[in-house]
Amino acid sequence: MSPSITRPADDQDEEPRARPDLRLVPAALATWAVMLFGITAGPLGGIAGAALAVVGLIGALARTRRRAGRTGPALIAAAGCALAAGVLVTTHAVQVQGHPLRVAAERGSAATMRVVLVDDPRAITTAGYGASAGGDRVLVAAELVSVSVGDGNWTSGGNVLLIAPAEGWRELLPGQEVRAEGLLVPAQRSDLTIAVLRVRGPAAEVGPAPWWQTAAGTLRDGLRDAAARALPEGSAGLLPGLAVGDTRNQTAEVEADFRAAGLTHLTAVSGANLAIVGGVVLFLLRRARADPRLAALLSGLAIAAFVVLARPSPSVVRAAVMGGVALLALALGRGRSAVPALAVAVLVLLLVDPALAVDVGFALSVSATAALVLIAPGWARALRRRGVPQGAAEALAVPAAACLVTAPLIAGLSGQVSLVTVLANLVVVPAVAPATVLGVLAATLSPLSAEVATACAWLAKPAVGWLILVADRAAAVPGSVVPWPDGVLGAALLAGILLVLLVFFRSPRWRALLLAILVGLLLVLIPTRVREPGWPPSGWTVVACDVGQGDGLVLATGTPGWAVLVDAGPDDGLIDGCLSRLGVRGLALVVLSHLHADHIGGLTGALRGRAVSGVAVGPAREPRWAFERVARETAAAGAPLVELDRGRRLTWPGLVLDVLAPVHPVASVDPDDGTQVNDTSVVLRARTPAGSVLLAGDVELDAQADLLASGSPLQADVLKIPHHGSRYSSLQFLNAVRPRAALVSVGAGNSYRHPNPGLMEALTRAGVTVRRTDQSGDVAVVADPDTHRGPELVARGSPLPAPRRRGPAVRVRAVRSSRREST
């Protein structure tokens, strides 16, 4: 008897590999490319794309006549789809460019619009001088119904953006028709948006929302309430975002940590959410031995119901299509049909909504889904062959493949590469599905029983807590984010590097060499990124931290690891990173000079994981929201909140602080008048081993005049320039200080044009050594090691880059007084 032929033992549980069906991929890519070119280049771009498609179609037909082949139909389909896309996108581009509203927007005309909301209003969060963490304005995407500009009235469609006050707009639902009045500004985004309207007041003539949107809003409110009852603040804000994309209660700290860790996708509805919901239903039905077609149908219905719960905005519908494609094609054992289904989904979505061609979320969704159906199965098989259990292999392969494919896009958009993203996404995998399912259950059951919904939210506490812990620890890793060229060049560069690495890694000969190089780089780069060579400099006494557009000054005490912090900048992570680089484990005192967001925004990051003896503020209590936030965060850290008055002296080993201002303390000022709030700044004169340092907060002309008239000892070796180097520093004040060196705490590319060039030139002409954090990064004051006659300034380098500006040309400015600028 001849022996039977069997597969190797390690492949017994694997299905035969089938090559993916790529015939529709060229059509999807060609359609996408033509629409992308037509939207970004205008009608001429669309015409050029259509012309190229005609040439390609003629060539494909000629090739098919000469010889039959498998590629002929695919090329004909690609050329035909590209031609249709060219015609469609050209039509849209002509309509947008010729719309009369664009001319009115160029003139800044007043307009009255009737619009239908197509998505939830999104908070515009800024680090402006008095902006609260939640933002006081919202961005509203809408479909134009009619518009009145002067004597002109038009009834037409088209996409518009509204920048509106949060009050009266935040609670609106997609599908509601409203009337809005305001000033038009040109749209700067290349996404077929006609114009932007700066709305002056609340929405008027608000129409009813569709019943499904109202029902979804009720369920979302129920989940938010249940989470607030059962979970701590951070977890209560995260669970609704994770489950149904509702981020209204998400804290700024959690948002920042998730962004730094590369986990932001978990707080928005994506294909993963829908795959989890549909996958749970499919799993239960398959366990009950239901017919595969019935299981697929009910799973699809579950996805549709989830779309209603998460609100069928364009982003959610896009995620539903992508998640549904991946889930149903793969779960039903039709792996070969997954790629054609994905290509058809891309084609349909682009033809229905051409603006998706330039939508970042669309690109990320398609890329991640393609990785799921093309790369992850092969990686999972390779892991199983090496002895990894099937569930663990898939749990490792899926996020790794998605991170690899989307990394170039993220790098091109953000101008940075996170070194912890893949690891963070791997370790959170076990918690995502339970938290999502329990959150959806809490929302679904909330109308029936608030107690049951609260119980579901409470059961999700360990999973949500794990997500927050991972994001917090990943964001706190020193050097976890490295700068990278942004734009198309940066994306292409990283894609090329990753492709070369993958090609070489497949060869056993090169694999060992690549691993050796990688280990060597890690041994060299990680220590230098955790603590840069030569930083902090020996004997540092004061460090101006690079916290962007804000203040964060660290003063050393004679006790190793303990320091005094004056202001915390606008961001948790930036001040936390600076303190970590300096080896600060405890804060003898935190002084907040005044209550603007660029001085108190990072307080949580400064207090995180450090002992703190107290937090001090001046007599002023405005803006009120800021004082309440400071009091809340100080209490959470278990520290006392104290008030500093003029004449107070504070002493530690190696450090003495004298409080010089405010000279005329007031408890209440107009919170919308930036100058008044700036003039309440606590001004400190520090005596250090490197000399005297004057920390002037943001005092402007009136407060500077009060200091001069008070007779306070202002002379200092080093001056922290007031108000980020604004032009409101008097020469009399500067001459009274007579500094040898000056520190300017300022953010690169800030919209206030700080520091003032005239002021910088005057200081330089006077022989003052000036260091700016936007040019030098962290700057340390040390005693001159040679002469011991005065301070020396040492820069760490690697300053923060200027923030990239995206979206409509919206410059959020502070409310100003009539004669002065404010931060």
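Description of the structure in this document. For every chain, the first residue of the written sequence is number 1, and numbering continues from 1 along that sequence. Side-chain atom pairs in this predicted model are given and counted only at pLDDT of 80 or more, local residue features only at pLDDT of at least 70, and totals for whole chains, interfaces and linings cover all residues. Heavy atoms from the whole structure form the basis of all side-chain values; hydrogens and water molecules are not counted.

Focus on the overall build of the chain
Across its full length, the chain carries 27 helices and 25 strands. Each of the 823 residues in the chain was classed as buried or not, and the buried ones make up 49%. Whether two residues are in contact is decided by their heavy atoms, any of which lying within 4.5 Å being enough. Considering only intrachain contacts with a sequence separation of at least 6, the fraction spanning at least 24 residues in the chain is 71%. What counts as a helix is a DSSP run of H or I of at least four residues, what counts as a strand is a run of E of at least two, and both are numbered from the N terminus. Summary of the burial criterion: residues with accessible area below 20% of their type's maximum are buried, those above 50% are exposed, and those between are partly exposed, where the area comes from a 1.4 Å probe applied to protein chains only.

Some words on the environment of valine 94
Inspection of the secondary structure assignment puts valine 94 in helix α3 (residues 71–97). Judged by relative accessible area, valine 94 falls into the partly exposed class, the value being 46%. Considered as a pair, valine 94 and glycine 42 are 52 residues apart in the sequence and their alpha carbons are 7.7 Å apart.

Some words on the side chain of threonine 406
With respect to the element layout, threonine 406 can be found in helix α13 (residues 390–414). The class of threonine 406 is buried, set by a relative accessible area of 11%. Excluding anything up to four places from it in sequence, threonine 406 contacts Leu364, Ser367 and Ala368.

A look at the packing of aromatic side chains
In this scheme Phe, Tyr and Trp rings, the latter by its six-membered ring, pair at centre separations within 6.5 Å, and the angle between planes marks the pair as stacked below 30 degrees, edge-to-face above 60, and tilted otherwise. Per the counting criterion, the structure on display carries 2 aromatic pairs. Taking the centre distance of 5.8 Å and the plane angle of 85 degrees together, the rings of tryptophan 211 and tryptophan 212 count as edge-to-face. The class of tryptophan 211 is exposed, set by a relative accessible area of 67%. Take tryptophan 212: its relative accessible area is 34%, and that puts it in the partly exposed class.

Observations concerning the pattern of salt bridges
Salt bridges are defined as contacts in which a side-chain nitrogen from Lys or Arg sits within 4 Å of a carboxyl oxygen from Asp or Glu. Evaluated as defined, the whole model comprises 22 salt bridges. The salt bridge involving arginine 624 is made with glutamate 628; its shortest N-O contact spans 3.8 Å. Placement of the pair is arginine 624 and glutamate 628 together in helix α22 (residues 624–636), with a separation of 4 residues, close to one helical turn. Look at glutamate 628 and you get partly exposed, because its relative accessible area is 42%. In this structure, glutamate 633 and arginine 629 form a salt bridge, with 2.9 Å as the shortest nitrogen-oxygen distance.

Quick look at the environment of valine 277
Turning to its location among the elements, valine 277 is positioned in helix α8 (residues 271–287). What makes valine 277 buried here is its relative accessible area of 12%. Through-space distance from the C-alpha of valine 277 to that of alanine 243 is 9.7 Å; in sequence the pair is 34 residues apart. Filtering out sequence-adjacent residues up to four positions away, valine 277 remains in contact with Ala302, Phe306 and Val440.

Describing the sheet that holds strand β19 (residues 683–688)
Where strands meet in a sheet, backbone hydrogen bonds hold them as pairs that are either parallel or antiparallel. A pair of strands is considered paired only if DSSP assigns at least 2 bridges between the two. Taking strand neighbours across the sheet as the criterion, the 7 strands line up as β17-β18-β19-β20-β21-β22-β23 in an open arrangement whose pairing is mixed. The open sheet has two free edges, formed respectively by β17 (649–652) and β23 (769–772), since each of these has just one partner strand. Here the strands of the sheet are splayed against their neighbours by 15 degrees on average, with no regard to which way each runs. Where strand β21 (residues 718–720) and strand β22 (residues 741–744) come together, 3 bridges link them in parallel fashion. Each bridged residue has a counterpart across the sheet, and for lysine 720 the counterpart in β22 is leucine 743. Angles shown run from 0 to 180 degrees and are taken between the N-to-C directions of axes, each axis being a line fitted to C-alpha atoms and, for helices, limited to the stretch in contact.

Quick look at the pairing of strand β3 (residues 137–149)
Two elements, strand β1 (residues 110–117) and β3, share 6 bridges in a ladder whose sense is antiparallel. Note that in β3 the partner of threonine 112 across the bridge is serine 148. Pairing geometry for strand β2 (residues 122–124) and β3, over 3 bridges, is antiparallel. Within β3, the residue paired with arginine 122 across the bridge is leucine 139. With 7 bridges joining them, β3 and strand β5 (residues 159–165) adopt antiparallel strand pairing. Among the inter-strand pairings, leucine 139 is bridged to a residue of β5, identified as isoleucine 163. The sheet contact formed by β3 and strand β4 (residues 152–155) spans 4 bridges and is antiparallel.

Describing helix α17 (residues 487–505)
In this model, α17 (19 residues) spans 27 Å end to end at C-alpha, consistent with the 27 Å of a helix rising 1.5 Å per residue. Restricting attention to buried positions, one finds in α17 the residues Gly490, Ala491, Leu494 and Leu498. The buried residues of α17 occupy an angular sector of 100 degrees when projected down its axis, which confines them to one face. Every exposed residue of α17 that faces more than 90 degrees away from the buried side is listed here: Val488, Leu489, Leu499 and Val503. For α17, the elements touching its buried residues are α13 and β8 (416–418). To estimate how far a helix should reach, multiply one less than its number of residues by 1.5 Å. Note: the arc covers the axis-to-C-beta directions of the helix.

Regarding the pairing of strand β11 (residues 553–556)
Side chains Leu553 and Leu555 project from β11 onto one buried face, and the interleaved Val554 and Ala556 project onto a second face that is buried too. Of the pairings in the sheet, the one linking β11 to strand β12 (residues 562–566) comprises 4 bridges and is antiparallel in character. Within β12, the residue paired with leucine 553 across the bridge is valine 566. Here β11 hands over to β12 after 5 residues, with glycine 561 in that stretch at a positive phi of 85 degrees.

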